[in-house]
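Inside the fold
In case you want the letters, here they are:
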Amino acid sequence: MFDAIKDRVLSKAARLYCNTLLARYGSVQELHIDSAQRSMQIVCLLEGESAAIGVTVERYEVTRDGGETFVQVMASRSTRSWVQHFLEDHIHGRKFPLPAWAAAAL
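Residues numbered from 1 in each chain as written. Predicted model: local features only at pLDDT ≥ 70, side-chain atom pairs only at ≥ 80, totals over all residues. Heavy atoms only, no water.

As a further point, take a nonpolar patch on the surface. Taken together, the side chains of Tyr17, Leu21, Leu22, Tyr25 and Trp101 define a hydrophobic patch exposed on the protein surface, amounting to about 500 Å² of accessible area. Of all the elements, helix 1 (residues 2-22) adds the most residues to the nonpolar patch, at 3 residues. Within the secondary structure layout, Tyr25 lies in the loop between helix 1 and strand 1 (26-34). (Patch = residues over 30% accessible without salt bridge, like charges linked within 9 Å, V, L, I, M, F, W, Y side chains within 5 Å. Areas by Shrake-Rupley, 256 points an atom, 1.4 Å probe, with all protein chains shown as cover. Salt bridge = Lys/Arg side-chain N within 4 Å of Asp/Glu carboxyl O. Helix = DSSP H or I, 4+ residues; strand = E, 2+ residues; numbered from the N terminus.)

By size, the foremost hydrophobic cluster in this structure holds 19 residues, and its most contacted members are Leu31, Ile33, Met40, Ile42, Val55, Val57 and Tyr60. Going through the elements one at a time, helix 1, strand 1, strand 2 (39-46), strand 3 (53-65), strand 4 (68-78) and helix 2 (81-90) are the ones with two or more residues in this core. The dominant element in this core, judged by the number of residues it contributes, is strand 3, at 5 residues. Leaving out residues up to four positions away in the same chain, Met40 has contacts with His32, Ile33, Val55, Thr56, Val57 and Tyr60. (Core = buried A, V, L, I, M, F, W, Y, C linked by side-chain atoms within 4.5 Å. Buried < 20%, exposed > 50% of the residue type's maximum accessible area, 1.4 Å probe, protein only. Contact = heavy atoms within 4.5 Å.)

This is the structure:
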């Protein structure tokens, strides 16, 4: 029960954070984190797209290095092939630093 509440709060905060990072490209309409399964469901509306795009992060990993916490997307799938290709080419396996509030929760 505690994990479900934590995931809901973390999901809302992450959606707001992602929207500040992606504002130039579109908006994240939904973001759901399942920390037990290390997965995420994301729905976003990107500039120039007429319909929302879904991304499922099937597996992510959280690592710590030198006092910083990072997240890596290891596997994902998308409702658009071009987004899937972008994820595979530029996101999979790359370490992204997490803000302190997210690192503490994950």
